[in-house]
Amino acid sequence: MRRFALRTGVRWKISIAITAVGALTVMALSLVVHNAARVSMLDNAREVQMERLNFAQNYYETSNKRVRFGTKLNDPALPPTLKSKALQGRKVSSVQERDSGPPDIWAAVPVGNGDVLSLHSTFTDRSSNVMADLDRALVIGSVAVVFGGCALGILIGGQISRRLRKAADAAGRVAEGNTDVRVRDAIGGVVRDETDELARAVDALTDALQERIEAERRVTADIAHELRTPVTGLLTAAELLPPGRPTELVRNRAQAMRTLVEDVLEVARLDSASERAELQDVALGEFVSRRVAAYDPDVKVRVVHESWVSTDPRRLERILGNLLGNAAKHGEGPVEVTVEGRVVRVRDHGAGFPEALLREGPSRFRTGSSDRAGNGHGLGLTIAAGQAKVLGARLTFRNAAPEGAPNAAGTGGAIAVLWLPEHAPTNTGSFPVQPPSTTSARQV
């Protein structure tokens, strides 16, 4: 069975909690106040009843046993319990609740010869009105407290929610590679709470991760740099070998090793963010057509709309070469290149990109599934993405066939899209590019 999960924000959880606690508190206090006030008023009514009965008793005893002031002698309606207590020589009073209407107030006193003088009245309308006014005031106060607690909960929860959202946004930017972002600076504020502790922990984790990544980058760059000299010597020595199949194999492997070392060094330079673009104005359609023709004359280039761009031709050529090489090595023909304004698309008709690449982007030394990337070292697309970042461009990947759909002939394949920026980066570095609109993304 699928477990149902109710998703709510911190603001509403805190607001509901404060409102519930406030409602329970005012309800309990209202009941206590109501009962205490009612008991007090009934006790006061019994005392008044006894005073009236004492006055009537004095008059009865001094006026030759005349019953006045609403009293009755041996009233048959007198409750038996009060009558028995009065016959024992006690002055008694009580409150008799009724199913409906105000309660009855009784007072009784013995007057000798087995007679009982009693006085009966009901809870006054004035007292009932006082209780009604009190109940009304309690209800209004309770409602005010509940709404006030709800507003206070929304205010407090809103502040905490905003801080958490800022922290989450900053952490997301860190996850995207902006390691200069600090969560503690992002949330700001004067009040210090658990959010600041979380921010400090995330910042400490980011610093530790950044140090580890930098250490790995330095080690990778150092290893590749140290390998360059012996690999170059190995390649030179291979050229001196006599012709033959073994010599050809040695030369090919030595050249592949040299290419790998150069790619690793290039990735290390791109990761260090030390690369800068050398800008020139080029006609994008003409530039792509010439470079693709030089790389592979069989690749079809279609220029939908020509556009002049300010970019680094060497880096743009590197990106095109890696995308075409990836399509030729891991895809199937025909390979098509389309230029539309500042957008360049490279498509093959093979099995498409692996799901891991579409989900996480290109990663070094991960070639994906064997049907598309069983050969190579997974650096081609990584270098292309790094060079695109230096240009201030954006490189995206998708498959032509929908996810889960059969890859019919002519309908499938992998599509890499290079989005060149509208404004070129400065010579001091690249800048983030706003993603295209939803409409443009659908037309890719």
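Residues numbered from 1 in each chain as written. Predicted model: local features only at pLDDT ≥ 70, side-chain atom pairs only at ≥ 80, totals over all residues. Heavy atoms only, no water.

Enquirer: Can you help me understand the sheet that holds strand 11 (residues 414-419) in this one?
Expert: Strand pairing in a sheet is mediated by backbone hydrogen bonds. Such pairs are either parallel or antiparallel. Spatially, the five strands line up as an open sheet ordered 6-8-9-11-10, and their pairing is mixed. Edge positions in the sheet fall to strand 6 (300-305) and strand 10 (394-399), since each of these pairs with one other strand and no more. Strand after strand, the sheet turns through a mean of 15° between neighbouring axes, direction not considered. Here strand 6 pairs with strand 8 (residues 336-340) via five bridges, running parallel. The residue bridging Lys300 from the neighbouring strand is Glu336, located in strand 8. (Pairing = 2+ DSSP bridges. Helix = DSSP H or I, 4+ residues; strand = E, 2+ residues; numbered from the N terminus. Axes fitted to C-alpha atoms, helices over the stretch in contact; angles between N-to-C directions.)

Enquirer: Is there a simple way to explain a nonpolar patch on the surface in this structure?
Expert: Taken together, the side chains of Val10, Leu164 and Leu198 make up a nonpolar region of the molecular surface, amounting to roughly 210 Å² of accessible area. For Leu164, the position within the fold is in helix 3 (residues 125-175). The exposure class assigned to Leu164 is partly exposed, which follows from its relative accessible area of 30%. (Patch = residues over 30% accessible without salt bridge, like charges linked within 9 Å, V, L, I, M, F, W, Y side chains within 5 Å. Areas by Shrake-Rupley, 256 points an atom, 1.4 Å probe, with all protein chains shown as cover. Salt bridge = Lys/Arg side-chain N within 4 Å of Asp/Glu carboxyl O. Buried < 20%, exposed > 50% of the residue type's maximum accessible area, 1.4 Å probe, protein only.)

Enquirer: Would you explain the nonpolar core in this entry?
Expert: Looking at soluble globular proteins, one finds that nonpolar side chains tend to be buried together. Counting residues in hydrophobic clusters, the biggest one holds 33 residues, and the most contacted among them are Leu284, Val288, Leu323, Val337, Val344, Phe397 and Leu418. At the level of secondary structure, the elements contributing two or more residues to this core comprise helix 7 (284-295), helix 8 (313-330), strand 8, strand 9 (343-347), helix 11 (380-390), strand 10 and strand 11. In terms of residue count, the dominant contributor to this core is helix 8 (six residues). Once residues lying within four places of it in the same chain are set aside, the contact partners of Leu284 are Glu306, Ser307, Val309, Leu316, Val339, Gly341, Arg342, Val343, Val344 and Leu420. (Core = buried A, V, L, I, M, F, W, Y, C linked by side-chain atoms within 4.5 Å. Contact = heavy atoms within 4.5 Å.)

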